[in-house]
Amino acid sequence: MSLQGKKIILGITGGIAAYKMNYLVRDLVKSGAEVKIVLTKSAQDFVSPLTLSTLSKHSVYTDFFDDNKTWNNHVELALWADLMLMAPCTAHTLAKITVGICDNFLMAVYMSAKCPVIIAPAMDLDMYAHPAVTRNLKTAESFGHTIIPAEFGELASGLTGQGRLAEPATILSVLENQFSDAKQTFAGKKFLITAGPTYENIDPVRFVGNHSSGKMGFDLAKEAAKRGAKVVLISGPSSQKVEDENIKLCKVTSAQEMFDEVFKYYEDADVAIMSAAVADYTPKVKAKEKIKKKDNELTIELIKNKDILRTMGEKKAQQFLVGFALETQNEEENARDKLIKKNLDMIVLNSLRDEGAGFANATNKVKIFTPTEEQSFSLKSKEAVAKDLLDFIEQKL
Ligand SMILES: Cc1cc2nc3c(=O)[nH]c(=O)nc-3n(C[C@H](O)[C@H](O)[C@H](O)COP(=O)(O)O)c2cc1C
């Protein structure tokens, strides 16, 4: 994707990762962006204004006045931009952002900017884990800024942990997404989505499972992220893959693990879409060793799993809660019943009787029910179904 003609301000602060900005600036210019760079005083200890001005083909700003004592108009610069990126953003500058301390040129530009702001923090692992930094990142997010979380890896201090600046390629893809055609209608919204089957162990090598591929949930997660949502995707065993800055993938195996993982994130979620095919029952006893072939018959006693969706309905506060129903008979009646009994805001019915719908297919045919409405859709690819469902949810939020 191209950033052709996009006007970007890059604010570089005094972290060791500042050197990576040479590569990012080169790539931004290559993809057609016009980049103007602001360096803090301490950033100049880490990167050279000459290198950056050569790569960006613009003079680099370091202060309110240039060498001829002419004012660098920070307001004009701020209003020129389509996007402002702070990378690497130090703990110091992040803190200033949250309280509005305007003591240098970069902060004056930031506070005058009306464009979207993206912040890529970088620091040593203990600094990054400090409650002040965690709180400040949350505050910056509450201002509507996008945070590109620091990555896990080896740090300049020699320690290993979370704190590394996201790679230039990751930052570039976040910028490209920002300018992509998709409307950022879910910006600032937190989605919790489940996908795939669950496996309930019988013994160390066998399980009770189902044919769910996980595709519907993964497509929902991708589409929600494309529209600006921050997504936690909790998936049972599935071959589906996702690489998206805005999707956190948590892999689980059993229904109990899915239950535990869901309730780590549910309280914070704005929208919860439960598309996983969770096992209703699990073997009462999970044999520690492989069960040997002996008798003609083997009886496995099953006990009920905790009902994740029902528990979510009981605990529901601000969340818009969406369930899925896969039925083989009395489809509509069962779906409506589930909607009410489990205190859902919406249920998506797919019937196994419809050819091409449901589990292992790449297509699906769904009908949506809310307590007051219903809407049917034709057979479509799961990507298209994800779009329909999210369009519907968009109207309800
Ligand atoms: C060698 C060195 C490396 C540093 N690396 C970081 C860093 O990665 N992240 C950070 O938040 N601060 C780092 N600091 C501290 C900042 O440079 C310091 O807080 C400074 O005041 C930041 O100013 P600024 O935010 O205006 O650029 C480092 C300092 C030194 C001397």
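Refer to the preceding data block for the structure.
Residues numbered from 1 in each chain as written. Predicted model: local features only at pLDDT ≥ 70, side-chain atom pairs only at ≥ 80, totals over all residues. Heavy atoms only, no water.

Q: Please explain the packing of aromatic side chains as it appears in this structure.
A: Two aromatic rings, taken as a pair, are described by how far apart their centres are and by the angle between their planes. This structure, assessed with the given rule, holds 6 aromatic pairs. Seen from their ring centres, Phe64 and Phe105 are 5.5 Å apart, and the 85 degrees between their planes marks the pair as edge-to-face. Separated by 41 residues along the polypeptide, Phe64 in the loop between helix H2 (49–56) and helix H3 (74–80) and Phe105 in helix H5 (residues 105–112) bring together distant segments of the chain. On the accessibility criterion, Phe105 (2% relative accessible area) is buried. Taking the centre distance of 3.7 Å and the plane angle of 10 degrees together, the rings of Tyr199 and Phe207 count as stacked. (Phe/Tyr/Trp six-rings, centres within 6.5 Å; stacked < 30°, edge-to-face > 60°. Helix = DSSP H or I, 4+ residues; strand = E, 2+ residues; numbered from the N terminus. Buried < 20%, exposed > 50% of the residue type's maximum accessible area, 1.4 Å probe, protein only.)

Q: How should the pairing of strand E8 (residues 190–195) be read in this particular structure?
A: One face of the sheet, then the other: side chains in a regular strand alternate in exactly this way. The element E8 is largely enclosed, with a buried count of 5 among its 6 residues. Pairing geometry for E8 and strand E11 (residues 230–235), over 6 bridges, is parallel. Along E11, the bridge assignment pairs Leu192 with Val232. Taken together, the 4 bridges between E8 and strand E13 (residues 271–274) define a ladder with parallel strand orientation. Residue pairing for E13: Leu192 is matched across the bridge by Ala272. (Pairing = 2+ DSSP bridges.)

Q: It is not clear to me how the sheet that holds strand E1 (residues 7–12) should be interpreted in this structure. Could you clarify?
A: In a beta sheet, neighbouring strands are held together by backbone hydrogen bonds and run either parallel or antiparallel to one another. Across the sheet, 5 strands lie side by side as E2-E1-E3-E4-E5; this open sheet has parallel pairing. Looking at strand neighbours, the two that pair on one side only are strand E2 (34–39) and strand E5 (146–147), the edges of this open sheet. In this sheet, E2 lies alongside E1 in parallel orientation, the contact comprising 6 bridges. Note on E2: the bridge partner recorded for Lys7 is Glu34. In the packing of helix H1 (residues 21–30) onto the sheet, contacts are made with E1, E2 and strand E3 (83–89), and the angle to E1 comes to roughly 180 degrees. Contacting E1 and E2, H2 runs over the sheet at an angle of about 165 degrees to E2. (Contact = heavy atoms within 4.5 Å. Axes fitted to C-alpha atoms, helices over the stretch in contact; angles between N-to-C directions.)

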